[in-house]
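Each chain, written out:
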Amino acid sequence: MLRHVTDVPVITFASAAMTLFLMFGLIDPAQAVPSYARQTGQECIACHVSFPELTPYGRYFKLTGYTIGKTSFSSEGMNYLPLAMMAQASVTNTRNNNTTDPNTGDTVSVNQRNNGIVFCCASIFLASKVNDYIGGFVQWTYNHLATTADGTLGGHSGIDNTDLRVAGKYSGAGAAEPDWVYGATVHNNPTVQDVWNSTPAFGFPYTTSPLASTPAAATLIDGGLAQQVAGLGAYVFWKKTLYGEVSFYKTADGAFSILRQGQDIHTDGGVAALKGYNPYWRFAYSQDWGANSIMVGTYGMVVDRYPSNLDTSTPTDRFRDIAIDAQYQYITDPHTFTAQLTYIDEKQSYDASFPVTLATGAGIGAGPAPANPTDKLHTFKAKATYYHDRKYGGTLAYFSTTGSADSGLYGTDPNGNAMKPDSSGYIIELDYLPIQNIRVMFQYIAYNKFNGASTNFDGNGRNARDNNTAFLNVWVAF
Amino acid sequence: MTRKYVVLAVILLAGAITPVSAQNTAADIQKAAEEKAVNLCSTCHGPRGISTSPEFPILAAQRKGYLEAQIDAFRKKARAEKDAHDFMWGIAGNLDEAIIGGIAAYYAAQPPAPGRTDDPKLVAKGKELFDKGLPERGIPACKACHGDDAKGTADFPRLAGQHAKYVAKQLNYIQSLVRAAPVMHGIIKDLTPPEMQAVAAYVQSK
């Protein structure tokens, strides 16, 4: 949202950064123990390269239903508190924070808190094993910088990522390790249940500025249904080599409404509404050798979505996402190197929205108003990370989204040509973890293209690089 | 209606899993211990105790008494190097003595890992040190306790086939008193890092 530049805080980027360092230097590390660490008695690095990226053992922990270790309560009393908290405080600098309001001609700020310290966001987790076969986590997040109805920033809380599992293991006579790990999951974000960090929900970047402008177009599987749907799935992992999963996603209503608690379900466009149960698949080949671990896989989904979440009497648009992904990890003491990539191909069939748009000039309710009956959208992401002693890390990432030109979805350029959804750029991130529960990170996102163009992408003189974002963040989990 | 299906599904899934029976007999205890080894220990220490990552020690064919003593040391937090603290305290803390004995017996009975040679010259240097020690510096031969070809003896651990990186790391921990092993500390306190690398390469080769 745009506000006048006079509203911008006057704290400088450098002074804000120094304050953050000093403030978090006072935290007592002895109290910083997330609930799964308390459950297993192990340190974070057993399961995480650095949170949230999982090690092979962390993947096994998740696939076996988060059940390794103790229950929080037993006949002996409370073993540990099954709660954890997470919070972030950051400073964001947008390269060119001034832009021109197309309606008034006034100079306004893009990022309302440029160079100022913001606390966003904070989460509480209920995370624990229930018994030897059932476990999971529920995340509840308070966002201090949510956009309110009048366009200003305000507080908002709601459910965040959630994954509940029932899991088991089967070993044949004389087996040296489990032949089968199998389970069922209920969750609320496609790929949040996945154990490799090449898929969207837990893919890089693991956190970004809560204030910066971000590209408008993304595939549906890449966060478009997060905390809006109920996912019901079953999976098997055979000899720690072949993974297969089938899940189905439906609108998180009725008995599943807790999975989208806090979402604006009464506003048109507030959430996604899906028709029936929409299939998702995931197959992966995984192999560990020496200190190396590799995975190649595919995942995807077919979703029939109502253009307006308030009107489920209409036909639906279909989104078909097919993705490939890969991950490599080399984990030793003190050197750790990891890399992930994914490519998502989305076909958007506007079977409901296009005919209505053609006839009326507008979509159904707040739904899309495409100029084409079908569109394509492709996303590619790749990143490589090095950590020394699990303390000092650096990541280099590339991202690219390309797709069909569609004036209805993306507008027209100054020459009247339909624009594309294209955005691309690089991310450089430096991380320092003084203890495993605290990450001090500096992230820089540099755009080559933003919402369809390198220059003048908004028709108002703004260039892609103007949205380059420096983000200094302190991320604490305890 | 949907709520009923969800509840039914959870009941069916939970019911399909047979609870662990009471562990009374020695056979039951051994079975429970082996299930623990197969389903949990193998995640890091590999199938049958032969890990592929040099960050995690090979357990196959290790001396039973030594394994029991080490797991117990993790459980009691007496062994306190960083890896022990980060990975093993929590795991061992959930084990009782009977299960520890069963796990130790399981790994002691497994076939040993084959030897692996990366640098023959380094291995030759390590063999010299392992077999003869360094009398001029008062360092006795390693094989006096760890046996011919590093296969271990009744009271001392097997080193043959162990990851060289792990052996060198432990030597360093013991020398710097991070890992409490008074006898070993006295013996290796004057070993240089290259000598540790050499002897580690040798035992890995056996």
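1. A short note on the domain arrangement of chain B
Residues and elements named next belong to chain B. The domain architecture assigned to chain B consists of domain 1 (22-108) and domain 2 (120-205). Taking only C-alpha atoms into account, the centre of domain 1 sits 23 Å from that of domain 2. The partner domain 2 presents 13 residues to the 11 residues of domain 1 that form the contact. Within the side of domain 1 that touches domain 2, the residues separate by chemical class into 6 nonpolar, 2 polar and 3 charged.

2. What about the packing of helix 3 (residues 64-75) of chain B against helix 4 (residues 82-93) of chain B?
Between two packed helices, both the angle of their axes relative to each other and the distance between the axes serve to describe the pair. Residues and elements named next belong to chain B. Relative to each other, helix 3 and helix 4 sit at 100°, their axes nearing to 7 Å. Classified by the interaxial angle, the pair formed by helix 3 and helix 4 is roughly perpendicular. Together, I71, F74 and R75 of helix 3 and A84, M88, W89, A92 and G93 of helix 4 make up the contact between the two elements.

3. Brief notes about the interface of chain A and chain B
Size of an interface: often given as the accessible area lost when the parts come together. Listed per partner, the contact involves 29 residues of chain A and 26 residues of chain B. Taken together, the elements giving at least two residues each to the side of chain A that touches chain B come down to helix 3 (44-47), helix 4 (56-63), strand 11 (153-170) and strand 15 (278-289) of chain A. Element by element, the count of residues in the side of chain A that touches chain B is highest for strand 11 of chain A, at 3 residues. By residue class, the composition of the side of chain A that touches chain B is 14 nonpolar, 9 polar and 6 charged.

4. Considerations on the nonpolar core
A37, A60, I71, I103 and Y107 of chain B are the most contacted members of the largest nonpolar core, which has 59 residues in total. Look past the residues within four positions of I71 of chain B in its chain and what remains in contact with it is A92, L95, I100, I103 and A104 of chain B. Listed in part, the 24 residues of the second largest apolar core include A272, Y280, Y299 and Y306 of chain A.

5. Quick look at helix 6 (residues 353-360) of chain A
Every α-helix winds through 3.6 residues per turn, so residues three or four apart in the chain are directed the same way. All names here are of chain A. S353, F354, V356 and T357 are the residues of helix 6 that are buried. When helix 6 is viewed along its axis, its buried side chains cluster within an angular range of 165° and face the same direction. Buried residues along helix 6 sit against strand 17 (317-331) and helix 7 (407-410). Remark: G361 follows helix 6 within two positions and exhibits a positive phi of approximately 85°.

6. Focus: unusual backbone geometry
The phi angle of most residues is negative, glycine excepted, and most peptide bonds adopt the trans form. Omega for the bond connecting F204 of chain A with P205 of chain A falls within 30 degrees of zero, at 0°, which places this linkage in the cis form. Turning to its location among the elements, P205 of chain A is positioned in the loop between strand 12 (180-187) and helix 5 (220-224). Here the bond from D333 of chain A into P334 of chain A is cis, since omega is 10°, no more than 30 degrees from zero. By secondary structure assignment, the location of P334 of chain A is in the loop between strand 17 and strand 18 (335-349). Located in the positive-phi region is N451 of chain A, a residue other than glycine, with phi close to 50°. Summarising the element assignment, N451 of chain A is placed in the loop between strand 22 (438-449) and strand 23 (469-477). In the Ramachandran plot, K77 of chain B falls in the positive-phi region, its phi being about 60° despite a non-glycine side chain. With respect to the helices and strands, K77 of chain B occurs in the loop between helix 3 and helix 4.

The rules we used
- Residues numbered from 1 in each chain as written.
- Chains lettered and ligands numbered in written order.
- Predicted model: local features only at pLDDT ≥ 70, side-chain atom pairs only at ≥ 80, totals over all residues.
- Domains from an automatic or database assignment.
- Contact = placed C-beta atoms within 7 Å.
- Nonpolar A, V, L, I, M, F, W, Y, C, P; charged D, E, K, R; others polar.
- Axes fitted to C-alpha atoms, helices over the stretch in contact; angles between N-to-C directions.
- Helix = DSSP H or I, 4+ residues; strand = E, 2+ residues; numbered from the N terminus.
- Parallel < 35°, antiparallel > 145°, perpendicular 65-115°, else oblique.
- Core = buried A, V, L, I, M, F, W, Y, C linked by C-beta atoms within 7 Å.
- Buried ≥ 20, exposed ≤ 12 C-beta atoms within 10 Å, placed from the backbone.
- Arc of directions from axis to C-beta.

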